[in-house]
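Each chain, written out:
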Amino acid sequence: MHYLPLLLALGLLVALHELGHLLMARLVGVRVDRYKLGFGPAVFSLRVGRTDWVLGAVPLGGSTRIHGMNPHAPGLDPADPTSLVAQRPWKRLLVHFGGPLANGLFALGVLFTLYTTGTHVVVPLTVGTVTPGSEAARAQLLPGDRLVSVDGEPLENWGGFLERIGQAPGRELRLGVEREGVAREATVRPRADERGTGRIGVSQQYVYRTYDTGQALLQAFAHTANLVAEATRMFERLMMGTSGIVLANPLGVVKQSSGAAGSGLGAFLRVLVSVSLALALFHMLPLPSLDGGRMLFVLVEAVSRRKVPARVETLLHAVGFLALLAVVLTVTLADLRQHLRRAALDANLSDGDSPLFFWERTQRETKGRAAAVP
């Protein structure tokens with residue numbers, strides 16, 4: 001598992017987010033008191049102008065202290081023209097939007113670089129690999145087959161195909177397939193994975209291509225738009241409580257990204273693009289303590305022409321932060337318990353003895369022998 005480059009890259013994405021706030025604040029004339037890369041005790045500090053640039057002992061993540069962001073800071077003068085609270089609403093909106101914008105531009109830049117230097121691009125609705133022994137193999141699907149429909153309903157994209165398969169574990173489905181220009185039909189019965197989501201054992205096909213500058217820019221924008229649209233649809237399904245959809249959590253991100261790191265630089269960069277966009281979209285949610293929540297307070301003030309009391313806003317942000325932290329921890333711990341339970345089952349069914357379950361097995365065997373004695 002390639003955890004070190006993953007953790008460094010994720011930390012830099014967070015640091016980039018905070019740097020976006022800093023640059024936007026400086027752009028609209030707001031003073032930035034400190035920018036810290038990493039956390040823990042400061043090992044290096046440099047003052048440039050009125051900003052302290054600090055390097056933490058652990059160079060993961062980052063933080064920005066914008067003058068006036070905390071309305072309860074001691075000695076804060078609301079009339080200070082370099083303070084955030086003294087700025088017009090549109091300037092404050094830009095400062096809060098700076099972080100998500102930085103993550104979005106990073107994703108766009110990485111995609112543009114990949115498309116200009118050459119990368120693997122998807123072949124729409126085309127099978128790339130078939131897992132031996134899977135439902136797709138039993139249905140005699142082959143790499144290169146183009147998926148046309150599911151139960152007679154035309155497919156628009158690979159995401160729609162995965163959604164139809166994922167929602168039908170154990171149910172027979174008819175797949176319309178095109179092979180070398182000839183239409184055929186395959187019948188599959190998706191198997192439920194550990195989360196109850198249907199799988200048939202296929203992956204999408206990719207081909208290696210290089211684009212010129214104009215095409216690469218268009219492809220990068222289209223790729224970004226598709227990722228944003230997919231994330232939006234997933235969020236809608238989460239809000240509607242659709243079965244088979246599981247909240248993304250740090251544990252899942254670590255597993256996916258570390259695996260991609262071992263698949264090559266291109267795959268790892270594409271995962272970072274998705275994570276960077278997810279970070280931007282997450283912070284744009286209109287929830288307290290997030291950038292979107294702060295922007296919502298500014299919009300309320302702009303429309304009502306009445307400023308939200310500082311104490312009320314601070315309290316809501318604090319409660320919102322604790323609530324978000326509780327949700328993330330709950331989902332992560334639930335996923336961790338599921339993985340531990342699966343690992344325990346695998347160890348219990350293996351031929352060797354697992355140290356974790358040695359005592360439990362010994363107790364079962366002892367009870368079995370005792371029951372067998374007349």
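Overview of the structure. (Residues numbered from 1 in each chain as written. Predicted model: local features only at pLDDT ≥ 70, side-chain atom pairs only at ≥ 80, totals over all residues. Heavy atoms only, no water.)

Bringing the pattern of salt bridges into the picture now. Tallied over the full model, the rule gives twelve salt bridges. Across the pair Arg-164 and Glu-153 runs a salt bridge whose closest N-O atoms are separated by 3.2 Å. Here Arg-164, found in helix α4 (residues 158-166), pairs with Glu-153, found in strand β5 (residues 153-154); they are eleven residues apart in sequence, far enough to count as distant. Between Arg-174 and Glu-185 there is a salt bridge, and its shortest N-O distance comes to 3.5 Å. With Arg-174 in strand β6 (residues 173-179) and Glu-185 in strand β7 (residues 182-188), this residue pair connects regions lying eleven residues apart in the sequence. (Salt bridge = Lys/Arg side-chain N within 4 Å of Asp/Glu carboxyl O. Helix = DSSP H or I, 4+ residues; strand = E, 2+ residues; numbered from the N terminus.)

This next bit is on the nonpolar core. Residues Leu-141, Leu-147, Phe-161, Leu-175, Ile-200 and Val-202 are the most contacted members of the largest nonpolar core, which totals 20 residues. Broken down by secondary-structure element, the contributors of at least two residues to this core are β3 (119-130), β4 (146-150), α4, β6 and β7. Setting aside chain neighbours within four positions, we find Leu-175 in contact with Leu-141, Ser-149, Val-150, Phe-161, Ile-165, Arg-184, Glu-185, Ala-186, Val-188 and Ile-200. (Core = buried A, V, L, I, M, F, W, Y, C linked by side-chain atoms within 4.5 Å. Buried < 20%, exposed > 50% of the residue type's maximum accessible area, 1.4 Å probe, protein only. Contact = heavy atoms within 4.5 Å.)

Contact geometry for helix α2 (residues 89-117) and helix α8 (residues 291-304): axes closest at 9 Å, N-to-C directions at 170°. The pairing of α2 with α8 is recorded here as roughly antiparallel in orientation. In this structure, α2 meets α8 at a crossing whose hand is left-handed. For the pair α2 and α8, the contacting residues are Pro-89, Arg-92, Leu-93, His-96, Phe-97 and Pro-100 in the first and Asp-291, Arg-294, Met-295, Val-298, Leu-299, Glu-301 and Ala-302 in the second. Per-class residue counts for the contact of α2 with α8 are eight nonpolar, one polar and four charged. (Axes fitted to C-alpha atoms, helices over the stretch in contact; angles between N-to-C directions. Parallel < 35°, antiparallel > 145°, perpendicular 65-115°, else oblique. Left-handed = near helix turned anticlockwise from the far one by under 90°. Nonpolar A, V, L, I, M, F, W, Y, C, P; charged D, E, K, R; others polar.)

Moving on, we get to the environment of Thr-64. Positionally, Thr-64 belongs in strand β2 (residues 51-66). Note on Thr-64: relative accessible area 19%, which makes it buried. Separated by 29 residues in sequence, Thr-64 and Tyr-35 place their C-alpha atoms 4.6 Å apart. Here Thr-64 is in contact with Glu-18, Leu-19, Leu-22, Val-32, Arg-34 and Tyr-35, once residues within four sequence places are set aside. Within the structure, the side chain of Thr-64 is placed 3.0 Å from the backbone oxygen of Glu-18, a separation counted as a polar contact. (Polar contact = N/O pair within 3.5 Å; in protein donor to acceptor, adjacent residues only side chain to side chain.)

Along the chain, His-67 turns up in the loop between β2 and α2. In this structure the side chain of His-67 is engaged in a polar contact, spanning 3.2 Å, whose partner is the side chain of Asp-80. If sequence neighbours within four positions are ignored, His-67 has contacts with Val-30, Arg-31, Asp-33, Leu-76, Asp-80, Thr-82, Ser-83 and Leu-84.

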